[in-house]
Amino acid sequence: MTQPPAGDELKACCAAAYSSDVVALLLGDSYHPGGTALTRRLADGLALTPGARVLDVASGRGTTALLLAGAYGAEVDGVDYSAANTALAQGAAQAAGLADRARFTTGDAEQLPYPDGVFKAVVCECALCTFPDKTQAAAEFARVLKPGGRLGITDVTIDAARPPSELTGLGARIACIADARPLDEYSEILAAAGLRTLHTEHHDQALLRMIDQIEARLNLLRMTAPTRLTDAGVDLDSAPAVLAAARTAVADGALGYALLIGEKPRPTA
Ligand SMILES: C[S@@+](CC[C@H](N)C(=O)[O-])C[C@H]1O[C@@H](n2cnc3c(N)ncnc32)[C@H](O)[C@@H]1O
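Residues numbered from 1 in each chain as written. Predicted model: local features only at pLDDT ≥ 70, side-chain atom pairs only at ≥ 80, totals over all residues. Heavy atoms only, no water.

**Q** Would you explain the site of the ligand in this entry?
**A** In the region of the ligand, 22 residues are neighbours, and Y31, H32, A58, D80 and A109 sit closest. In the environment of the ligand, an oxygen atom lies 2.8 Å from a nitrogen or oxygen atom belonging to the backbone of Y31. Take A58: an N or O atom from its main chain is 2.7 Å from a nitrogen atom of the ligand. With the chains in place, 99% of the 600 Å² that the ligand exposes on its own is no longer accessible. No other element matches the 3 residues that helix α1 (residues 7-17) contributes to the shell around the ligand. When grouped by side-chain class, the residues that make up the shell around the ligand number 11 nonpolar, 7 polar and 4 charged. (Near = heavy atom within 4 Å. Polar contact = N/O pair within 3.5 Å; in protein donor to acceptor, adjacent residues only side chain to side chain. Areas by Shrake-Rupley, 256 points an atom, 1.4 Å probe, with all protein chains shown as cover. Helix = DSSP H or I, 4+ residues; strand = E, 2+ residues; numbered from the N terminus. Nonpolar A, V, L, I, M, F, W, Y, C, P; charged D, E, K, R; others polar.)

This is the structure we're talking about:
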């Protein structure tokens, strides 16, 4: 049996998949359930003030970073493993007139290219689930945060006792499912890095809406531009069963989406 890729190869597969135009057609600008509405809810928990330095880890095409820069007045750095996404995000910042407040860099969440203690907040949407070494990524979030700084995560959650057995393998891993963790386990990983969870919320309906949206757009593309899907490696025969399995898993509570606000505690005197 072929072994799934690990480490850098896995990150590169994930970054390549999220650089594809077909993903943009299926997901829109925000590559996470809940879109910018959920990002606003996350931002509201970060106690941001204008001019605060914020890092968006796995910034994709820059949608979260540009919202934080435009609507919250933050000075945002975005870092993503995909050089193509970095270039698209930089272009989007220029088009939005926000290039002076949103900069994008290609880099790895597990080795963040920033000094210690410089950010008032770190956000990471729908990406911790994909990182091969989550403990290392959490340690990096903690390292670059200022004491008292906030962490905002939205991510896929899974019930450890009932992982959806149909949703495994590389495709499911890239689709943020195969290595997702229970919400409590994300908190434990963060706690091991010295980050305290302050607040959590479940947003499973947002995941259902994203599954519905992907299905509708897949059906449209299947009729209008099927070769764009097949050229991008989308298996049109198995897609309906995978989407149905994901929908059932959400309905059964085995798969979900959650928001987490954490904090890097200030040292006690
Ligand atoms: C599901 S998308 C989420 C993008 C963005 N946060 C959003 O919500 O729109 C996952 C992103 O993680 C990036 N990524 C995957 N592994 C990474 C890593 N090790 N370091 C930095 N970015 C990574 C991918 O390139 C992709 O842009």
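And the narrative resumes.
**Q** Any chance you could explain helix α3 (residues 35-44) here in plain terms?
**A** Residues lying three or four places apart along an α-helix face the same way, a consequence of the helix completing one turn every 3.6 residues. Every buried residue of α3 is accounted for by G35, L38, T39, L42 and A43. Looking straight down α3, one finds that the buried residues subtend no more than 145° of arc, so they occupy a single side. For α3, the exposed residues set more than 90 degrees away from the buried face come down to A37 and D44. Those residues of α3 hidden inside the fold are in contact with α4 (63-72), β4 (119-125), β5 (145-158) and β7 (255-263). (Buried < 20%, exposed > 50% of the residue type's maximum accessible area, 1.4 Å probe, protein only. Arc of directions from axis to C-beta. Contact = heavy atoms within 4.5 Å.)

**Q** In this structure, what is going on with the side chain of S187? I would like to understand it.
**A** Assignment of secondary structure puts S187 in helix α8 (residues 183-192). S187 gets classed as buried once you look at its relative accessible area, which sits at 17%. In contact with S187, not counting residues within four places along its chain, are T197 and L260.

**Q** Could you clarify how one ought to interpret the sheet that holds strand β2 (residues 75-80) in this entry?
**A** Hydrogen bonds between backbone groups are what pair the strands of a sheet, and the pairing can be parallel or antiparallel. Across the sheet, which stays open at both edges, the 7 strands sit in the order β3-β2-β1-β4-β5-β7-β6 with mixed pairing between neighbours. Both edges of this open sheet fall to β3 (102-106) and β6 (196-202), since each of them pairs with a single strand only. On average, adjacent strands in this sheet sit at an angle of 15° to one another, irrespective of strand direction. Where β6 meets β7, 6 bridges bridge the pair, whose relative direction is antiparallel. Residue H202 lies in a different strand from β7, and its bridge partner there is A258. On top of the sheet, α4 reaches β1 (53-57), β2, β3 and β4; it is set at about 155° to β3, its chief contact. (Pairing = 2+ DSSP bridges. Axes fitted to C-alpha atoms, helices over the stretch in contact; angles between N-to-C directions.)

**Q** Whenever I open this one, the environment of A137 confuses me. Can you help?
**A** Examined against the element boundaries, A137 turns out to sit in helix α6 (residues 134-144). Sequence separation of A137 and L112 is 25 residues, and the distance between their C-alpha atoms is 8.4 Å. In this structure A137 touches A109, E110, L128 and F131, once residues within four positions along its chain are discounted.

**Q** In this structure, what is going on with the pattern of salt bridges? I would like to understand it.
**A** Proximity of charged atoms lets side chains of opposite charge pair with each other. By the definition in use, this model includes 16 salt bridges. The closest approach of N and O atoms between E75 and R103, which form a salt bridge, is 3.9 Å. You can see E75 sitting in strand β2 and its partner R103 sitting in strand β3, a full 28 residues away along the chain. A relative accessible area of 24% means that E75 is categorised as partly exposed. Residue K134 is joined to D179 by a salt bridge in which the shortest nitrogen-to-oxygen separation is 2.6 Å. Of this pair, K134 sits in helix α6 while D179 sits in the loop between α7 (169-174) and α8, and the two are 45 residues apart along the sequence. Across the pair, D179 and K134 agree in class, each one buried. Among the charged side chains, a network of salt bridges with common partners joins D8, K11, D108 and E110. (Salt bridge = Lys/Arg side-chain N within 4 Å of Asp/Glu carboxyl O.)

**Q** Can you walk me through unusual backbone geometry in this structure?
**A** Phi at A58 is positive, roughly 65°, even though this residue is not glycine. Along the chain, A58 falls in the loop between β1 and α4. A positive phi angle is found at C126, which is not glycine, with a value near 55°. Here C126 is to be found in the loop between β4 and α6.

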